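The chain contents come next:
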Amino acid sequence: MSLVRSTRPVGATEFIVGTVLASVLFLGTACGGAPAPAAAPASSMPTQGVPAEPTTTPADSAPLEVDVVPDAGGADLAANSQPAFAATAVAVLATIPIKGRAPKTDYSREEFGQAWADVDRNGCDTRNDILKRDLNAKTFKPGTGECLVLTGVLADPYTATTIDFVRGSATSSAVQIDHVVALNDAWQKGAQQLSVARRTALANDPLNLLAADGPANQQKGASDAASWLPPNKSYRCDYVARQISVKATYSLWITQAEHDAMAKVLASCAAIEVPTNQTAPAAEPQVKPVIVPPVAPVAPVAPVEAAPAPPAMVPAAPLVQAPDVFYKNCSAVRAAGAAPIRAGQPGYSTKLDGDGDGVACE
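Everything in this summary refers to the structure shown in the same document. (Residues numbered from 1 in each chain as written. Predicted model: local features only at pLDDT ≥ 70, side-chain atom pairs only at ≥ 80, totals over all residues. Heavy atoms only, no water.)

### Describing the nonpolar core
Link 1 in the chain: Judged by nonpolar contacts, the single largest core of 28 residues is most densely connected at A89, Y158, Y239, V240, I244, L266 and I272.
Link 2 in the chain: A total of five residues in this core trace back to one element, the largest contributor, which is helix α8 (residues 236-249).
Link 3 in the chain: If sequence neighbours within four positions are ignored, I244 has contacts with A89, V92, L93, I96, M262, L266 and V274.
Link 4 in the chain: Within the second largest apolar cluster, 19 residues are counted, among which are L202, V246, Y250 and L252. (Core = buried A, V, L, I, M, F, W, Y, C linked by side-chain atoms within 4.5 Å. Buried < 20%, exposed > 50% of the residue type's maximum accessible area, 1.4 Å probe, protein only. Helix = DSSP H or I, 4+ residues; strand = E, 2+ residues; numbered from the N terminus. Contact = heavy atoms within 4.5 Å.)

Put into structure tokens, the structure is as follows:
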């Protein structure tokens, strides 16, 4: 039996007794009987609820020893509608109906389909999928495409201990895969009304499965939150939030005692969110406003006075060739009454204009 808890010292006597007890528990379950109940720490056992009942069968408590992966049948995890992204456990708890337990009539593990069916259709059985998800330092059987876990180390959330997992008929039960919402509990709270395919999905949904300490899983049995909580108090908020998410996903109900126990746990972690496969809604594209810088006012411009128009140019009188008038001298000009005579006037001659100023016979 390989069961190492590194968080607390173990004496030789304690180890032998613990080993024998775990072996007896596993063998008793494997033979179809109910394991002897182990004493639970007072802090892990709420006073209300029903007594713990075994939930595991040989197929659930130990890994498959065959290489054939169980078929999922009609189970389809893609059809699940898990709680909304970032929904708080408190808010989702308020949506779950509160009713009494239904009778356990006709309950059997077979009502939830073949154990460890490959509901996600990845070619690996569900038990090994969860071991692969939850263990550290894993090794795999060669040639199985990392589907068959041989060894690993579990940081157990229920007991806050470290457990070495070694695959084998005498050692595998040290780490068991717990149905967070026990199948027997689910049967009494709505699962009877689900189809076999839907119940198969519930039994193999990773949302409802955790690798856990074998004895702690056996101690839990078919208990709900009203009658069993993990001894590790720091994990109780996560544990209850996961139970709430599973029950909401599969339309299961809760009892009043179960509701009250969950609400009491959540009182210390009201903001905790339920686990879900939903993603954040796509953000609407943000259109950035175009900021136009203010335009400085333009000072008024003084009107420009138009320059006065230049005076109209009066064209000079064209030179007119004087008619054929001839004065012999200025005396003749004066005698004719034409003195002074200007250039261009009849009878003007440069010979009469002694100083050449254009005026003759002044």
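The structure having been displayed, the exposition proceeds.
### Here's the deal with the state of the cysteines
Link 1 in the chain: If you walk through the whole model with that rule in mind, you get three disulfides.
Link 2 in the chain: The disulfide partner of C237 is C269, and the S-S distance across this bridge is 2.0 Å. Between C237 and C269, the disulfide has an S-S torsion of -100° and is therefore left-handed. On the criterion of sequence distance, the pair formed by C237 in helix α8 and C269 in the loop between α9 (256-266) and α10 (330-335) is long-range, its members being 32 residues apart. Per residue, the accessibility class of C237 equals that of C269, and both read buried.
Link 3 in the chain: Put simply, C330 and C361 are joined by a disulfide, and their sulfur atoms are 2.2 Å apart. Between C330 and C361, the S-S torsion sits near -85°, and that sign places the bridge as left-handed. (Disulfide = S-S within 2.5 Å.)

### Notes on the side chain of R199
Link 1 in the chain: Mapped onto the elements of the fold, R199 is located in helix α6 (residues 196-204).
Link 2 in the chain: The class of R199 is buried, set by a relative accessible area of 5%.
Link 3 in the chain: Those residues within four positions of R199 in sequence are excluded, and the remaining contacts are E111, F112, W187, A191, Q192 and L194.

### Here's the deal with helix α4 (residues 126-134)
Link 1 in the chain: The buried count for α4 comes to seven of nine residues, which makes it a mostly enclosed element.
Link 2 in the chain: Residues of α4 that are buried: T126, R127, N128, D129, I130, L131 and D134.
Link 3 in the chain: Two or three places before R127, at the start of α4, stands the capping residue D125, its side-chain oxygen 3.1 Å from that residue's backbone nitrogen. (Polar contact = N/O pair within 3.5 Å; in protein donor to acceptor, adjacent residues only side chain to side chain.)

### Quick notes on the sheet that holds strand β1 (residues 136-140)
Link 1 in the chain: Strand order in the open sheet formed by three strands is β1-β2-β3, and the pairing between neighbours is antiparallel. The sheet is open, and its two borders are formed by β1 and β3 (162-166), each paired with just one other strand. With strand direction ignored, the average angle separating the axes of adjacent strands in the sheet is 10°.
Link 2 in the chain: Sheet topology note: the strand β2 (residues 149-155)/β3 ladder contains five bridges and is antiparallel. Counterpart to A155 in the pairing with β3 is T162. (Pairing = 2+ DSSP bridges. Axes fitted to C-alpha atoms, helices over the stretch in contact; angles between N-to-C directions.)

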